[in-house]
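Each chain, letter by letter, is given below.
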Amino acid sequence: MTTDPRVPVIPQAPEGLSRRARYFVEGHGLRVPHRDLKLFREAWLKQGIPDAEIDRAVAFQERWGGLALPPAPEYEGGPRVLEADAPEGSAANGWRFPAGDCRVSMAHGFMIGPGGEFGIDADHWTPLHASTEGWVEALALASHAGYWAKSITKIKGSAVEDVNLDGFEPVPEVQGLADTWWRGKDSLIAIYRGEASGFSAPHCLRAHIYGGLDAWGLAGN
C-alpha cells in the first residue's frame, strides 16, 4: 500500500460542511495515511473500469480518504476509515465503489453509489444519504444531540412507523434518503431505515428520539 507519511493526524474538514460537522470532524476525527488511487488507474482500466468511474473514486479519496470518525449510532459503528477502492458494476446497473471497511464483521459494506450517494450494499444497494457530506452531517448531529438531550428514547421494529412526526421538519443538511432526521420544537428524531430496506427486514427499523433540547441543542450551528 502506498501512503503519504506527511498526512496530518488532526484533519481539516472538507469544504461545504456545517459548522457543527466541521467541529465534529476536526475535534473528534483523525486523518491516517491512505492510498493514492491514481497509481491504480492503468490496472483498473485493463479490468474494464471506465475512466470516469476511476476519476470518481480518486476524487472521493482526495476529499475523504484516511478520515477516521467516531462510531455511528447504527450500522454497528460505520466505516472504520473512509477509504475508496476499485469501482464495481456495469453501465446497465450503474457503478459503485467501496467507502471504507466496516469496523466489525457485517452482512453489508459501505458504498458510494452512481450519483455519489452514501449507502450500504446488503441484499441490495440502499442509499442512506445523498452524499458523503450527508453521512458526516448525520454523525455530527447524533453526537451533538446525544450530548445535549435530556432524554434519548430508542425504538425498534414496527413501532418506528408509529412515531409521530407532526410538527417536525426534515433536517436538510443530512440529505436523508433511507435515513432521515427530523427537527421539532424541542426534540430531534433520527429514523434509520437502511438495514430494513437493504435486507427487506422491517424488524431492523430503528428510531432515536432526542428530547428536551433547547435552541442550541436543536441546531448547534
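Cut-off values and rules
- Residues numbered from 1 in each chain as written.
- Predicted model: local features only at pLDDT ≥ 70, side-chain atom pairs only at ≥ 80, totals over all residues.
- Heavy atoms only, no water.
- Helix = DSSP H or I, 4+ residues; strand = E, 2+ residues; numbered from the N terminus.
- Buried < 20%, exposed > 50% of the residue type's maximum accessible area, 1.4 Å probe, protein only.
- Contact = heavy atoms within 4.5 Å.
- Areas by Shrake-Rupley, 256 points an atom, 1.4 Å probe, with all protein chains shown as cover.
- Axes fitted to C-alpha atoms, helices over the stretch in contact; angles between N-to-C directions.
- Parallel < 35°, antiparallel > 145°, perpendicular 65-115°, else oblique.
- Nonpolar A, V, L, I, M, F, W, Y, C, P; charged D, E, K, R; others polar.

Any chance you could break down the overall build of the protein chain for me, citing the residues and the numbers?
Per the secondary structure count, the protein chain includes six helices and twelve strands. Referenced to the eigenvectors of the C-alpha coordinate spread, the extents of the protein chain come out at roughly 55 × 40 × 30 Å. The buried share of the protein chain, taken over its 221 residues, is 51%. Here the contacts in the protein chain between residues at least 6 apart in sequence split such that 57% fall between residues at least 24 apart. Accessible area of the protein chain: about 10,800 Å², with a carbon and sulfur share of 53%.

Go over the packing of helix α3 (residues 51–64) against helix α4 (residues 132–148), please, and point to the residues and values.
In helix packing, the relevant descriptors are the interaxial angle and the interaxial distance, both defined with respect to the helix axes. One can describe the packing of α3 onto α4 by two numbers: an axis separation of 12 Å at closest approach and a directional angle of 30°. Overall, the two elements α3 and α4 adopt an arrangement that is roughly parallel. Facing Phe-60, Arg-63 and Trp-64 of α3, the residues of α4 in contact are Thr-132, Glu-133 and Val-136. Residue composition of the contact of α3 with α4, by class: three nonpolar, one polar and two charged.

Before we move on, can you summarise unusual backbone geometry with the specific residues and values?
At Tyr-75, a position not held by glycine, the phi torsion is positive, near 60°. Mapping Tyr-75 onto the fold places it in the loop between β2 (67–68) and β3 (88–90). The phi dihedral of Glu-76 falls on the positive side, at around 50°, and the residue is not glycine. Note that Glu-76 resides in the loop between β2 and β3.

Tell me about the environment of Gly-109, and name the residues and values.
Relative to the assigned elements, Gly-109 resides in strand β5 (residues 109–112). Through-space distance from the C-alpha of Gly-109 to that of Tyr-75 is 9.8 Å; in sequence the pair is 34 residues apart. Contact partners of Gly-109, with chain neighbours within four places excluded, come to Cys-102, Gly-119, Ile-120 and Asp-121.

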